[in-house]
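Secondary and tertiary structure notes
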Amino acid sequence: MKQIGKILAGVLVAVLLLTGIKNEYARLLPVSSYGMQAAIKKKSVDHLFIGSSMFRQGLSIDVLEEALKGNVYILSYNGNQPAFMAMELEYMLREGLEIGTLYVDLYPYTAAATPWISDTKILLDTDLGFKLDAWRLMNEYNDTKLLDFYELFVTANNEQILTYPIHNRLVSAQFRSGGNILTPGGQTKEHLDSLGMLGGRDGLQEAQIEGYKKILELAREHGIKVYFIETPKYERMYQDSDYMELYEACRNKVEELTELINSEVILAQELTFDFGDPACFQDLIHLSTEGRTLYTELLCERLEVEE
């Protein structure tokens, strides 16, 4: 019986040790062309775009690199929320990354979500301290369970780590400087009109507003110019009362916060983009290759005018 106890204790110690090593040192694996560590390795980024899948699908790295002066990097994670964008920005700055201009994803639904990490690839890029801070934030605003902690710290990304050489090669083939180089096609009007709407939310979340504020405070501290960027949504979204309620609330709050430092908001509706062209959209909120190319060209023209 004692022997079994010793074996179980040894297994537990080994699991704890391996878990600690993974959560602290997985970020030191050779970097691909995606994520925070790849950005940090650059040491300096003239134009850093930080956001969710809105940026990954909505921005053309080809157009950005051709139109903007200096180097460009797109940092995007699925469902990336303002609260975690602020943590990511702080982490990269602490790691020594210098940033010229910062472009922040303005997507109302992430600002209305309770803090939660949807894309665990964030955890591959960060140290244990970041993960503990993220857990505390998630725990404060959610009814978290032991299983959530176990999934975050023990099981998350294990497959990617075990197959890292293959996984890293696959990721590198899909991204350049964080930008998506795959070429998804558009849809038909019939398909887009058949999709269900995303529904209402309970308003903007305090933690997400604090995230926007923290981003601006960090930018002011480090002398970084900031733009808040809204990527286009299909025309049905702009006709949906639930979405527009959040849209107006998010825009008004961000415009209020931008008084903190020299920053600006660029809304998709300010540009001459065709929100009713189904060929420009994969779904109601994500752009196709054609859509992101057209939108990024319009965005860069606007940015040139600002300069």
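Data block above holds the structure.
The structure displayed is predicted, hence computed values, not measured ones. (Residues numbered from 1 in each chain as written. Predicted model: local features only at pLDDT ≥ 70, side-chain atom pairs only at ≥ 80, totals over all residues. Heavy atoms only, no water.)

A word on the sheet that holds strand E1 (residues 44-51)
- Across the sheet, which stays open at both edges, the five strands sit in the order E2-E1-E3-E6-E7 with parallel pairing between neighbours. Every other strand in the sheet has two partners, leaving strand E2 (72-76) and strand E7 (263-266) as the edge strands with one partner each. Taking the axes of each pair of neighbouring strands and ignoring which way they run, one obtains an average angle of 20 degrees across the sheet.
- As paired strands, E1 and strand E3 (residues 98-105) are joined by six bridges and run parallel to one another. Within E3, the residue paired with Val-45 across the bridge is Ile-99. (Pairing = 2+ DSSP bridges. Helix = DSSP H or I, 4+ residues; strand = E, 2+ residues; numbered from the N terminus. Axes fitted to C-alpha atoms, helices over the stretch in contact; angles between N-to-C directions.)

As for the environment of Ile-229
- Here Ile-229 lies in strand E6 (residues 225-229).
- Leaving out residues up to four positions away in the same chain, Ile-229 has contacts with Phe-55, Tyr-103, Val-104, Asp-105, Leu-106, Ile-266, Tyr-295 and Leu-299. (Contact = heavy atoms within 4.5 Å.)

Considerations on the pattern of salt bridges
- One pass over the structure, following the stated rule, counts 12 salt bridges.
- Notably, a salt bridge pairs Lys-121 with Asp-119, separated by 3.1 Å at the nearest N-O pair.
- On the basis of relative accessible area, Asp-119 is assigned to the buried category, the value being 5%.
- The network of salt bridges with shared partners includes Asp-62, Glu-65 and Arg-176. (Salt bridge = Lys/Arg side-chain N within 4 Å of Asp/Glu carboxyl O. Buried < 20%, exposed > 50% of the residue type's maximum accessible area, 1.4 Å probe, protein only.)

Focus: the packing of aromatic side chains
- Here the structure, examined in full by the defined rule, presents 19 aromatic pairs.
- Ring-pair connections join several aromatic residues into one group, and the members of that group are Tyr-107, Tyr-109, Tyr-234, Tyr-238, Tyr-243, Tyr-247, Phe-273, Phe-275, Phe-281 and Tyr-295.
- One residue, Lys-225, lies across the ring of Tyr-227, its end atom 4.9 Å from the ring centre. (Phe/Tyr/Trp six-rings, centres within 6.5 Å; stacked < 30°, edge-to-face > 60°. Lys NZ or Arg CZ within 6 Å of the ring centre and 35° of its normal.)

Considerations on the nonpolar core
- Formed by 94 residues in total, the largest nonpolar core has its most connected members in Leu-48, Phe-49, Met-92 and Leu-102.
- No other element matches the nine residues that helix H5 (residues 82-94) contributes to this core. (Core = buried A, V, L, I, M, F, W, Y, C linked by side-chain atoms within 4.5 Å.)

Considerations on the layout of surface pockets
- Taken as a whole, the largest pocket encloses approximately 270 Å³ of empty space.
- Lining the largest pocket are 15 residues, and of these Ala-83, Ala-86, Met-87, Glu-90 and Lys-214 lie nearest its centre.
- Elements represented by at least two residues in the lining of the largest pocket include exactly H5, helix H8 (128-141) and helix H13 (206-222).
- When residues in the lining of the largest pocket are grouped by element, the largest group, six residues, is from H5.
- Within the lining of the largest pocket, the residues separate by chemical class into eight nonpolar, one polar and six charged. (1 Å grid on protein atoms, 1.4 Å probe; cavity = no way out; pocket = protein on both sides within 12 Å on 5 of 7 lines; lining within 4 Å. Points joined across faces, edges and corners; volume = space filled by probe spheres on them. Nonpolar A, V, L, I, M, F, W, Y, C, P; charged D, E, K, R; others polar.)

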